[in-house]
Amino acid sequence: MPLRKRERAGKNSACVSHLNVPQERAKRTQSRGLEMNNNIIIRKFLHWKMIIVYLVVFSFLTILLATAVGNVYIPPMQIVKIFCSKMGICDAPIQSKYEKIIFEFRMPRIFLGFLVGFALSVAGVAMQGLFKNPMADPYIIGTASGAAVGAALSIAFIPHFLGVYSTPFFAFVCAIIPTFFVYSLSRVGGRIHLETLLLTGIAVSFLLNAVLSFFMYMMGRDVHRIMSWLFGGRLPLADWEAVKIVFPLVLGIFPLFLFYARDLNAMLLGEETAKTLGVNVERAKATLLVLSAFVTAAAVSFSGLIGFVGLVIPHITRILVGADHRILLPASALSGGILLVWADTLVRFLDMTLSVGEMPVGIITAFFGVPFFIYLLRRRKRSFFLM
């Protein structure tokens, strides 16, 4: 009997160990899968980190090189010495005439241009993600048309009680008003219908453009001033006060866009899918619309209307870094700032070489933006016929 019991116990233990083999293999496979996923996530975040580092470095190089260009050429090494002297890093001899040109004329203009490109690109990413359309831009809901009407009113009809800041003030206020008007019209039953929002924004933009045309007809000799504003001709008038106003508005709102990056990712899958993932879709849409309107209004009120930055940069950046808004938002923001600084630098270079006067920077961005817009249209047309 004891021998039979030992044989049975041996058989039972062999069966149990045989049953445990697939479970152990499944556990090992699962742990390997989790480890691979963790490695992929780590590599992805390291890749994103390197992208941001490269863009930040290129931003500093852009600012340095753009500061050198103008009617008075300043060697980049002289600029570095001036900056080091200002920060107390070195005690190199500097020329006072260069210092005045850099800090009173070029740096405010460069910093304001960077902030404007930063803001328009971020708003463009939000609008394209919200509408799920690569041809959406920050001006799509009437913000730009409202700003133009406000600027025209300030230039031609309203006393400048705020001095040089009267036009930016009225442009900002009149950019915000149509946005909330479009938002209220498109909100039905507690929901924002994106199709209604888009069509209402187009209709309001046409109406405001008609009002702007009427004002321009009544302006007479002041037309050239509003025309310059419509193409982003206020950048040469930038000063440090304008930078101090725009800087906190743009960089203060930017973290809120990053907060909604995951919501934008989920909304790309459709509103119903986003709801199942726990996203408050209506709150996200309303918040993103308001944030986009504010940063766009803050940017264009001091620079004038600059087209195609909020359209082209998000799309190009999406091709390069992917559609994940956690990297798309900061990468587009930095790329937009870099693009606009270089566009404004080209304006100063043309003025230096051709002596034709400084044209509005919006003309330069349109030269690059219109062909890209046509490319998008052809691409959508091709995909439409392939459907």
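Residues numbered from 1 in each chain as written. Predicted model: local features only at pLDDT ≥ 70, side-chain atom pairs only at ≥ 80, totals over all residues. Heavy atoms only, no water.

A. Just the packing of aromatic side chains, in detail. For the structure on display, the rule yields 10 aromatic pairs. Centre to centre, the rings of phenylalanine 45 and tryptophan 48 are 5.1 Å apart; their planes meet at 70°, and the pair counts as edge-to-face. Within this pair, phenylalanine 45 and its partner tryptophan 48 are both found in helix α1 (residues 2–68), separated by three residues, close to a single helical turn. Since its relative accessible area comes to 8%, tryptophan 48 is described here as buried. Pairing phenylalanine 214 with phenylalanine 215 gives two aromatic rings, centres 6.1 Å apart and planes at 50°, and the pair type is tilted. On the basis of relative accessible area, phenylalanine 214 is assigned to the partly exposed category, the value being 49%. (Phe/Tyr/Trp six-rings, centres within 6.5 Å; stacked < 30°, edge-to-face > 60°. Helix = DSSP H or I, 4+ residues; strand = E, 2+ residues; numbered from the N terminus. Buried < 20%, exposed > 50% of the residue type's maximum accessible area, 1.4 Å probe, protein only.)

B. Looking closely at the nonpolar core. Leu112, Phe131, Ile226, Trp229 and Phe257 are the most contacted members of the largest nonpolar core, which totals 101 residues. If one sorts the elements of this core by residue count, helix α3 (residues 96–131) sits on top with 19 residues. Apart from residues lying up to four places away in sequence, phenylalanine 257 is in contact with Val122, Ala126, Leu288, Leu291, Ser292, Val295 and Leu329. (Core = buried A, V, L, I, M, F, W, Y, C linked by side-chain atoms within 4.5 Å. Contact = heavy atoms within 4.5 Å.)

C. Structural view of the side chain of glutamate 282. You can see glutamate 282 is positioned in helix α11 (residues 281–303). Judged by its relative accessible area of 13%, glutamate 282 is buried. Discounting chain neighbours no more than four positions away, the residues touching glutamate 282 are Gly190, Arg191, Ile192 and Glu271.

D. Summary view of the environment of valine 122. Among the structural elements, valine 122 can be located in helix α3. Residue class for valine 122 comes out buried when judged on its relative accessible area of 2%. When near neighbours in sequence (up to four residues on either side) are disregarded, valine 122 contacts Phe254, Phe257, Leu329 and Ala333.

E. How the structure looks around the pattern of salt bridges. Applying the stated rule across the entire model yields nine salt bridges. In this structure, aspartate 344 engages arginine 109 in a salt bridge whose closest nitrogen and oxygen atoms are separated by 2.8 Å. Placement of aspartate 344 in helix α13 (residues 325–354) and of arginine 109 in helix α3 is noted, with a sequence separation of 235 residues between them. Each member of the pair, aspartate 344 together with arginine 109, is buried. A salt bridge links glutamate 282 to lysine 285; the shortest N-O distance between them is 3.3 Å. Residue glutamate 282 and its partner lysine 285 are located together in helix α11, separated by three residues, close to a single helical turn. For the pair formed by glutamate 282 and lysine 285, the shared burial category is buried. Here the salt bridges share partners, and the residues they tie into one network are Arg109, Asp344, Arg348 and Glu358. (Salt bridge = Lys/Arg side-chain N within 4 Å of Asp/Glu carboxyl O.)

F. Up close: the side chain of aspartate 351. Mapping aspartate 351 onto the fold places it in helix α13. No salt bridge is formed by the buried aspartate 351; the nearest opposite charge belongs to arginine 109, separated by 7.1 Å. Not counting the four nearest positions on each side in its chain, aspartate 351 is found in contact with Asn71, Val356, Gly357 and Glu358. (Lys, Arg positive; Asp, Glu negative; His and termini not counted.)

G. Region of the structure containing the confidence of the model for the chain. Put simply, the chain has an average pLDDT of 83, and 87% of its residues get 70 or more. By mean pLDDT, the top-scoring element of the chain is helix α8 (residues 240–259) (93), and the lowest-scoring one is α1 (70). Low pLDDT, under 50, characterises residues 383–387; the stretch is placed with zero contacts to residues that sit more than four places away or in other chains. (pLDDT = per-residue confidence, 0-100.)

H. Expanded view of unusual backbone geometry. With a phi angle near 55°, lysine 132 is a residue other than glycine that sits in the positive phi range. Relative to the helices and strands, lysine 132 is located in the loop between α3 and α4 (143–156). With a phi angle near 75°, phenylalanine 308 is a residue other than glycine that sits in the positive phi range. For phenylalanine 308, a relative accessible area of 25% translates into the label partly exposed.

I. Expanded view of helix α12 (residues 309–321). Taking 1.5 Å of rise per residue, the 13 residues of α12 would be expected to cover 18 Å, and the 18 Å separating its terminal C-alpha atoms lies within 8% of that figure. Taken as a whole, α12 has its buried residues at Val309, Gly310, Leu311, Val312, Ile313, Pro314, His315, Thr317 and Val321. One or two residues past the end of α12 sits glycine 322, with phi positive at roughly 100°. (Expected span 1.5 Å × (residues − 1).)

J. Representation of helix α6 (residues 194–219). If you check α6, its first and last C-alpha atoms are 37 Å apart, about what 26 residues at 1.5 Å a residue would give, namely 38 Å. Of the residues flanking the end of α6, it is glycine 220, one or two places downstream, whose phi is positive at about 75°.

K. Just the packing of helix α5 (residues 166–186) against α11, in detail. Direction vectors running N to C along α5 and α11 enclose 155°, while the axes themselves pass 8 Å from each other. Viewed along their axes, α5 and α11 adopt a mutual orientation that is roughly antiparallel. The interaxial crossing formed by α5 with α11 has right-handed handedness. Where α5 approaches α11, its residues Pro168, Ala171, Phe172, Ala175, Ile176, Thr179, Phe180 and Tyr183 are matched on the opposing element by Ala286, Leu289, Val290, Ala293, Phe294, Ala297, Ala298, Ser301 and Phe302. Taken together, the residues of the contact of α5 with α11 break down into 15 nonpolar, two polar and no charged. (Axes fitted to C-alpha atoms, helices over the stretch in contact; angles between N-to-C directions. Parallel < 35°, antiparallel > 145°, perpendicular 65-115°, else oblique. Left-handed = near helix turned anticlockwise from the far one by under 90°. Nonpolar A, V, L, I, M, F, W, Y, C, P; charged D, E, K, R; others polar.)

L. A look at the packing of helix α2 (residues 76–87) against α3. The N-to-C vectors of α2 and α3 enclose an angle of 90°; their axes lie 10 Å apart at closest approach. Considering their axes alone, α2 and α3 lie roughly perpendicular with respect to each other. Of the residues in α3, those touching α2 at Gln78, Ile79, Ile82, Phe83 and Lys86 are Tyr98, Glu99, Ile102, Phe103 and Met107. Classifying every residue of the contact of α2 with α3 by side-chain character gives seven nonpolar, one polar and two charged.

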